[in-house]
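Single-letter residue listing:
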Amino acid sequence: MGTKLFSPKITYLHSRLMPHLQFQAGHSGCNVERPFAMLNIISRKTSRRNCSVRASGISIEEMLSIGQLQDQPPVDLEGFMDKVSLCNRGIEKKSEFLPFVVEKNIVGYIHPSIVEHLKQFEDVFTIQSTVEGQNAMFTNETHINSFVTLHHQLKTADERTEAVGVAIKWLNKAGIILGLRNELNPVVLTFGGELLFSLERAAVPYFGTKAYGVHMNGYVNIGGEKSLWIGKRSETKSTFPGMLDHLVAGGLPKGITCKENMIKECSEEAGIPRNVAEMAVPVGAVSYEDIYRNCFKRDVLFCYDLLLPHDFRPRNIDGEVERFMLVPVSQVANVIYKTKLYKPNCSLVIIDFFFRHGSLVVIFLLLSIFY
């Protein structure tokens, strides 16, 4: 019944939910066993359906009780569309940002307020203006008036990394770029491409370079119904404290493959042994662009599913997760639909899980749209 009944209708609903999505089949740059499909989630639609409940100081039981089955299930797509929009704010402001150019290619976007601070580092950054006919020098974008680039004497990736790193440390001490992670992100033109230089993770949104991460949905089949393991982030986390999260997720730093990073995060965040973590299946990638104030986030999340045994119990090792709970998929759907208690990009990855697995929420939507 599942495949024949749901496939064409799920395709229709998927197109309704994500009207601007693009698939890039066969993406294999993540060095995993199976190719990825790329899901580019961009929506301009907004909604006011969400509860205004705040995550901080609320127990995971209280958060998840909002989505219990006795509550009214989702009856349209608006609550999910809102979560897509939440990760794609301010894209109309992209033209306000100056392109960041390395080796004649645009690798990022920098707000003018940040550019003003970069001007003092004359041996690291230069601000240049284009003249008519010179836009052809950029192989991945045209029609720009001025741009930020690195000093011409910084020729190697190591030289650029060191020089930019010194500037980032100064900007941190000046209170402009906060929360340094001491973790380097690769700056590349395309994923898996030649390393141009490495950038402090906390500085990535200020330079608008692409950031990559791994997100895993850990789930259990119980009596034919799927349940997801859900984590509640520690209240001491510097970003999104106390919010709901995946079982495992993390940024992808320089020098590690997606697969090895996922295995590492499985161990640190949920105590999942390597032999179990290696069974995680790469299922695709979600990307989004989010502009907020003077930051431009351009994230790509490589997604995994891991079917776990019934007797598995996660345990956090690194102190970043307060508590885990196993929750029916339909209840998770209600929480995402009705609230903003989930870390925003986690909602996107879980919504994708709903459609790929033909979850109960899809049945609710089918009933509301077709009957």
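Reference entry: report on the structure contained in this document.

The rules behind the values
Position labels on residues start from 1 in each chain and follow its written sequence. Thresholds applied to this predicted model are a pLDDT of at least 70 for local features of residues and 80 or more for the giving and counting of side-chain atom pairs; totals over whole chains, interfaces and linings are not thresholded and use all residues. Water and hydrogen atoms play no part in the side-chain values, which are based on all heavy atoms of the structure. Residues belong to one nonpolar core when they are buried, are Ala, Val, Leu, Ile, Met, Phe, Trp, Tyr or Cys, and are joined through side-chain atoms within 4.5 Å. Classification of residues uses two cut-offs on accessible area relative to the type maximum, computed with a 1.4 Å probe and protein chains only: under 20% is buried, over 50% is exposed, and between them is partly exposed. Each helix is a run of DSSP H or I of at least 4 residues and each strand a run of E of at least 2, with the numbering of both proceeding from the N terminus. Two residues qualify as a contact provided that any one of their heavy atoms is within 4.5 Å of a heavy atom in the partner residue. Only one rule defines a salt bridge in this text: a Lys or Arg side-chain nitrogen within 4 Å of an Asp or Glu carboxyl oxygen. Two strands form a pair only when DSSP identifies at least two bridges running between them. Axis lines are fitted to C-alpha atoms, over the contacting stretch for helices. Their N-to-C directions set the angle, which ranges from 0 to 180 degrees. What counts as a ring pair is set by centres within 6.5 Å for rings of Phe, Tyr and Trp (its six-membered ring), and what kind of pair is set by the plane angle: stacked under 30 degrees, edge-to-face over 60, tilted for all other angles. Reported orientations rely on four angle classes, namely roughly parallel under 35 degrees, roughly antiparallel over 145, roughly perpendicular from 65 to 115, and oblique for the rest. The crossing is said to be left-handed when, going from far helix to near helix, the turn is anticlockwise and less than a right angle, and right-handed when the turn is clockwise. Charged residues are taken to be Asp, Glu, Lys and Arg, nonpolar residues to be Ala, Val, Leu, Ile, Met, Phe, Trp, Tyr, Cys and Pro, and polar residues to be all remaining types, Gly included.

Brief notes about the nonpolar core
With 31 residues, the main nonpolar core has F100, F125, F197, L199 and F207 as its most contacted residues. The set of elements that each furnish at least two residues to this core consists of β3 (98-102), β4 (105-110), α4 (112-118), β6 (146-150), α5 (157-173), β8 (197-200) and α6 (204-207). Among the elements that line this core, the one with the most residues is α5, at five residues. Every residue in contact with F100, bar those within four places of it in the chain, is listed here: N105, I106, V107, G108, Y109, I110, V148, T149, L150, F197, F207 and T209. Residues C258, M262, I263 and A285 belong to the second largest nonpolar core, which totals 28 residues.

Some details on the pattern of salt bridges
Using the criterion set out here, one finds 16 salt bridges in the structure. Within this structure, K232, E235 and E322 form a network of salt bridges that share partners.

Concerning the environment of L64
Residue placement: L64 occurs in helix α2 (residues 60-65). Sequence separation between L64 and V327 is 263 residues, and the spatial gap between their C-alpha atoms is 8.1 Å. Leaving out residues up to four positions away in the same chain, L64 has contacts with L244, M325, V327, Q331 and V335.

Quick word on the sheet that holds β6
Taken in spatial order, the four strands line up as β4-β3-β6-β5 in an open sheet, and their pairing is mixed. In the strand order of this sheet, the two ends are held by β4 and β5 (125-129), each with one partner. In this sheet, neighbouring strand axes are inclined to one another by 35° on average, regardless of whether the strands run parallel or antiparallel. The sheet contact formed by β3 and β6 spans two bridges and is parallel. The residue of β6 that forms the bridge with F100 is V148.

Topic: the packing of aromatic side chains
With the rule as written, the count across this model stands at 13 aromatic pairs. Geometrically, the ring pair formed by F97 and F296 is edge-to-face, given 5.6 Å between the ring centres and 65° between the ring planes. Separated by 199 residues along the polypeptide, F97 in the loop between α3 (78-86) and β3 and F296 in strand β14 (residues 295-307) bring together distant segments of the chain. Both residues of the pair, F97 and F296, count as buried. Ring geometry for F191 against F302: centres 4.8 Å apart, planes inclined by 55°, an arrangement best described as tilted. Of this pair, F191 sits in the loop between β7 (184-187) and β8 while F302 sits in strand β14; the two residues are 111 residues apart in sequence, bridging distant segments of the chain. F302 shares its class with F191; the two are buried. Cluster of aromatic residues (ring-pair linked, three or more members): F100, F125, F197 and F207.

Some points on the pairing of strand β9 (residues 210-222)
On any regular strand, side chains alternate: one points to one face of the sheet, the next to the other face. Burial analysis of β9 places ten of its 13 residues in the buried class, which makes it a mostly covered element. Two strands pair when backbone bridges link them, and β9 and β14 are joined in this way by ten bridges, in the parallel orientation. Residue V214 lies in a different strand from β14, and its bridge partner there is F302. Pairing analysis gives four bridges linking β9 to strand β12 (residues 248-251), with the strands arranged antiparallel. In the sheet register, V214 faces β12, and the bridge partner there is G250.

Overview of the packing of helix α9 (residues 329-338) against helix α10 (residues 344-357)
Two numbers describe how α9 lies on α10: the axes approach to 11 Å, and their chain directions differ by 135°. Our classification of the angle between α9 and α10 gives oblique. As for the relative orientation of α9 and α10, their crossing is left-handed in sense. Residues V329, V332, A333 and I336 of α9 form the contact with α10, whose own contacting residues are S347, I350, I351, F353 and F354. Across the contact of α9 with α10, the residue classes break down as eight nonpolar, one polar and no charged.

A few points about the packing of α3 against α10
Two quantities define a packed helix pair, namely the angle between the axes and the distance from one axis to the other. Two elements in contact, α3 and α10, have axes whose closest approach is 8 Å; the angle formed by their N-to-C orientations is 135°. As far as their axial angle goes, α10 and α3 are oblique. In this structure, α3 crosses over α10, and the sense of that crossing is left-handed. Seen from α3, the contacting residues are F80, K83, V84 and L86; seen from α10, they are P344, S347, L348, I351 and F354.

Just geometry here; none of it tells us what the structure is for.
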